Amino acid sequence: ALEEQGPFDGLLGFSQGAALAAMVCALRARGDPRFPVAFAVLVAGFASRAPAHGHFYREPIALPTLHVVGDTDAVIAAPVSRELARCFVEPVVLTHPGGHFIPAAAEQKKAYLEFLERFLPGQGQ
């Protein structure tokens, strides 16, 4: 169970995991007590097209998110990831020239750290 591993400050999701994490963010933003996370990093994410999931995206999701988008991602195309980002209030979007992977070059590491530093204790969050 997650309770035994946590507590967790945020979520990291990749591809299908990012799609799921985005839905968890929507629940969290609505006050669902099961998911006490403060932020999410969504890499190669997308909005679920399942009709039963449409309600997750009807209102802007007010949870801080970093969306990592690969310009040459052939699995989840960049416009699809950007569409998910637009479902959030003030999303941070990090693009990289690569494909369907979590980029870890110095430039991306710097962007990850800048985003995550907002959630350190005493940073006003």
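Residues numbered from 1 in each chain as written. Predicted model: local features only at pLDDT ≥ 70, side-chain atom pairs only at ≥ 80, totals over all residues. Heavy atoms only, no water.

Per an unreviewed UniProt entry, the protein is named Esterase OVCA2, and its organism is Neodrepanis coruscans. Quoted straight from UniProt, the Sequence similarities (unreviewed entry) entry for the protein says "Belongs to the LovG family." (UniProt positions renumbered as here; feature names shortened; annotations may be inferred.)

A. Spotlight on the pattern of salt bridges. For the structure on display, the rule yields four salt bridges. A salt bridge links Arg34 to Asp32; its shortest N-O distance comes to 2.7 Å. Overall, Asp32 belongs to the buried group, its relative accessible area being 14%. (Salt bridge = Lys/Arg side-chain N within 4 Å of Asp/Glu carboxyl O. Buried < 20%, exposed > 50% of the residue type's maximum accessible area, 1.4 Å probe, protein only.)

B. Expanded view of helix 4 (residues 106–117). With 12 residues, helix 4 extends 16 Å between its outermost C-alpha atoms, agreeing within 8% with the 16 Å of an ideal straight helix rising 1.5 Å per residue. If you check which residues of helix 4 are buried, you get Gln108, Ala111, Tyr112 and Phe115. Summarising the axial view, the buried residues of helix 4 lie within an arc of 100 degrees, below the 170-degree limit, and thus occupy one face. In this structure, helix 4 carries Ala106, Lys110 and Leu113 as exposed residues pointing more than 90 degrees from its buried face. (Helix = DSSP H or I, 4+ residues; strand = E, 2+ residues; numbered from the N terminus. Expected span 1.5 Å × (residues − 1). Arc of directions from axis to C-beta.)

C. Here's a closer look at the side chain of Ser15. Within the secondary structure, Ser15 sits in the loop between strand 1 (10–14) and helix 2 (16–29). If we ignore the near neighbours within four places in the chain, the residues touching Ser15 are Val43, Ala44, Gly45, Phe46, Ile76 and His100. (Contact = heavy atoms within 4.5 Å.)

D. Quick peek at the nonpolar core. Formed by 18 residues in total, the largest nonpolar core has its most connected members in Cys25, Leu42, Phe56, Tyr57, Ile61, Leu84 and Phe88. Among the elements of the structure, helix 2 and strand 2 (39–43) are those that each provide at least two residues to this core. Among the elements that take part in this core, helix 2 stands out by supplying seven residues, more than any other. When neighbours within four sequence positions are excluded, Leu42 is seen to be in contact with Gly13, Ala18, Ala21, Ala22, Thr65, Leu66, His67, Val68, Leu84 and Phe88. Phe39, Val41, Tyr112 and Phe119 belong to the second-largest nonpolar core, a separate cluster that totals 10 residues. (Core = buried A, V, L, I, M, F, W, Y, C linked by side-chain atoms within 4.5 Å.)

E. Expanded view of helix 2. Between its first and last C-alpha atoms helix 2 spans 20 Å; for 14 residues at 1.5 Å apiece the expected length is 20 Å, and the two agree. Remark: Gly31 follows helix 2 within two positions and exhibits a positive phi of approximately 95 degrees.

F. Structural detail: the pairing of strand 2. By the criterion of burial, strand 2 is predominantly enclosed, with five of the five residues buried. Judged by which residues are buried, strand 2 turns out to be covered on both faces: Phe39, Val41 and Val43 on one side and Ala40 and Leu42 on the other are all buried. Sheet topology note: the strand 1/strand 2 ladder contains five bridges and is parallel. Within the sheet, the bridge partner assigned to Gly13 lies in strand 2 and is Leu42. Regarding the hand of the β-α-β motif, the stretch spanning strand 1, helix 2 and strand 2 is right-handed. One ladder, built from four bridges, connects strand 2 with strand 3 (residues 65–70); its direction is parallel. Bridging from a neighbouring strand, Val41 pairs with Leu66 of strand 3. (Pairing = 2+ DSSP bridges. Right-handed = clockwise from strand over helix to strand, strands pointing away.)

G. Up close: the sheet that holds strand 4 (residues 92–96). Strands sit in the order 1-2-3-4 across an open sheet of four strands; the sheet is parallel. Either end of the sheet is taken by a strand with one partner, and the two such strands are strand 1 and strand 4. Strand-to-strand twist of the sheet, defined as the mean angle between neighbouring strand axes without regard to direction, takes the value 10 degrees. Looking at chain direction, strand 3 and strand 4 are connected through five bridges and run parallel. Considered in strand 4, the bridge of Val69 is made with Thr95. Across the sheet, helix 2 is in contact with strand 1, strand 2 and strand 3; its angle to strand 1 comes to roughly 145 degrees. (Axes fitted to C-alpha atoms, helices over the stretch in contact; angles between N-to-C directions.)

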